[in-house]
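# Topology and contacts: notes
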Amino acid sequence: MPGPSGNGAVTRSTLRQQIADALRDEVLAGRLQPGQEFTVKEIAEQYGVSATPVREALVDLSAQGLLEADQHRGFRVHEYSAEDYRGIIEARSLVTDGMFQALDDGRKGYQEPGDPRTAAALAGVRRRGEEAQRAAAAGDLTVLIGYDLRFWRELSSLFGNPYLTDFLHRLRVQSWVCAVQRLRLLTELRGELWSGHTELVDALSRRDIAAARSIIAAYNAHSLALIERLAP
């Protein structure tokens, strides 16, 4: 377990969460393929741990929609359809639109873009966006996913609702898992991946909600068109 960090904060991560994170990364990297089956025993042996935290991690990933549990065979990687992806995008859009509306309404608990603390946080989010854009331009899907997930988690946290942040993160992981199952089939990804992260941050910094919504609408249209083109 990690000890105290330089700023005095203590980071705690259970074995269960570590295994869940590792398996999620295996799915996102395409090393665990859609429909691939495995057992608790196999994963426990792979990581050199007992069966209990593995079983708990696999149950957690099943609850998140990344795996499917089979009472007799163990678990398998969930295979998403293009229709699933459309549903995830719709849910994701409803969440982000609610975030933007809350900002537009100036609701209590949502940080103001003009607040110095918010400006500093947005600058950090923008740096994540810059890294994501570089990865997208290079066609580096693994690096892009990592920075994209951090980008959206940090951006959504500015809206002051941890439940919203966690829910959006789950949707984004699911959408990436679905997309990866198709994008990994392409040999060249440069020019195929969305890279409007900093444009979105700049719009929110200006409190230009109409522009932010337009950026997200274009992003969703781009993503859906790409996945539907690659759908079997």
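Our structure is the block above this text.
Described in the following lines is the structure provided in the data block. (Residues numbered from 1 in each chain as written. Predicted model: local features only at pLDDT ≥ 70, side-chain atom pairs only at ≥ 80, totals over all residues. Heavy atoms only, no water.)

With that settled, the discussion passes to empty space enclosed by the protein. Per the counting criterion, the structure on display carries three cavities of 30 Å³ or more. Estimates place the volume of the largest cavity at around 180 Å³. Contributions of two or more residues to the lining of the largest cavity are made by helix H4 (82-105), helix H6 (141-157), helix H7 (162-183) and helix H9 (209-230). Broken down by class, the residue content of the lining of the largest cavity amounts to ten nonpolar, four polar and four charged. (1 Å grid on protein atoms, 1.4 Å probe; cavity = no way out; pocket = protein on both sides within 12 Å on 5 of 7 lines; lining within 4 Å. Points joined across faces, edges and corners; volume = space filled by probe spheres on them. Helix = DSSP H or I, 4+ residues; strand = E, 2+ residues; numbered from the N terminus. Nonpolar A, V, L, I, M, F, W, Y, C, P; charged D, E, K, R; others polar.)

Of all hydrophobic cores here, the largest spans 41 residues; its most connected members are Phe38, Leu58, Leu141, Leu144, Trp176 and Leu183. The element contributing the most residues to this core is H7, with seven residues. Beyond its immediate stretch of four places on either side in the chain, leucine 141 contacts Trp176, Val180, Leu183, Arg184, Leu189 and Leu193. With 25 residues, the next largest nonpolar core counts Leu122, Val125, Leu155 and Leu204 among its residues. (Core = buried A, V, L, I, M, F, W, Y, C linked by side-chain atoms within 4.5 Å. Buried < 20%, exposed > 50% of the residue type's maximum accessible area, 1.4 Å probe, protein only. Contact = heavy atoms within 4.5 Å.)

Since the α-helix turns once every 3.6 residues, residues separated by three or four places project in the same direction. For helix H2 (residues 40-47), the complete set of buried residues consists of Val40, Ile43 and Ala44. Around the axis of H2, the buried residues are gathered within 100° of arc, so they sit on the same side. Relative to its buried face, H2 has exposed residues pointing more than 90 degrees away, namely Lys41, Glu45 and Gln46. The inward-facing, buried residues of H2 abut helix H1 (15-28), strand E1 (37-38), helix H3 (51-63) and strand E3 (74-77). The first or second residue beyond H2 is glycine 48, which carries a positive phi of 65°. (Arc of directions from axis to C-beta.)

Attention now moves to the layout of surface pockets. As a volume, the largest pocket reaches approximately 350 Å³. Forming the boundary of the largest pocket are 15 residues, of which Gln17, Arg24, Gln64, Arg153 and His169 lie nearest the centre. Only H1, H3 and H7 provide two or more residues apiece to the lining of the largest pocket. For the lining of the largest pocket, the leading source of residues is H7, giving six residues. When grouped by side-chain class, the residues that make up the lining of the largest pocket number five nonpolar, four polar and six charged. Roughly 200 Å³ of internal volume is contained in the second largest pocket. The wall of the second largest pocket is formed by 13 residues, among which Asp25, Leu28, Thr142, Ile145 and Gly146 lie closest to the centre. Contributions of two or more residues to the lining of the second largest pocket are made by H1 and H6. Its residues assigned to classes, the lining of the second largest pocket shows four nonpolar, three polar and six charged.

Structurally, threonine 198 can be placed in helix H8 (residues 197-205). By relative accessible area, which is 11% here, threonine 198 ends up buried. At 2.7 Å, the side chain of threonine 198 forms a polar contact with the side chain of glutamine 133. For threonine 198, the contacting residues outside a window of four places in its chain are Arg126, Gly129, Glu130 and Gln133. (Polar contact = N/O pair within 3.5 Å; in protein donor to acceptor, adjacent residues only side chain to side chain.)

As a further point, take the packing of aromatic side chains. Per the counting criterion, the structure on display carries two aromatic pairs. Geometrically, the ring pair formed by phenylalanine 151 and tryptophan 152 is edge-to-face, given 5.5 Å between the ring centres and 85° between the ring planes. For tryptophan 152, a relative accessible area of 2% puts it in the buried group. On the basis of an interplanar angle of 20° and a centroid distance of 3.9 Å, the ring pair of tryptophan 194 and tyrosine 219 is categorised as stacked. Note that tryptophan 194 is positioned in the loop between H7 and H8 and tyrosine 219 in helix H9, a separation of 25 residues in sequence. Since its relative accessible area comes to 14%, tryptophan 194 is described here as buried. For tyrosine 219, a relative accessible area of 6% translates into the label buried. (Phe/Tyr/Trp six-rings, centres within 6.5 Å; stacked < 30°, edge-to-face > 60°.)

Turning next to unusual backbone geometry. Positive phi is not limited to glycine here, since arginine 207 has a value of about 60°. Tracing the chain through its elements places arginine 207 in the loop between H8 and H9. Residue classification places arginine 207 among the partly exposed positions, given a relative accessible area of 30%.

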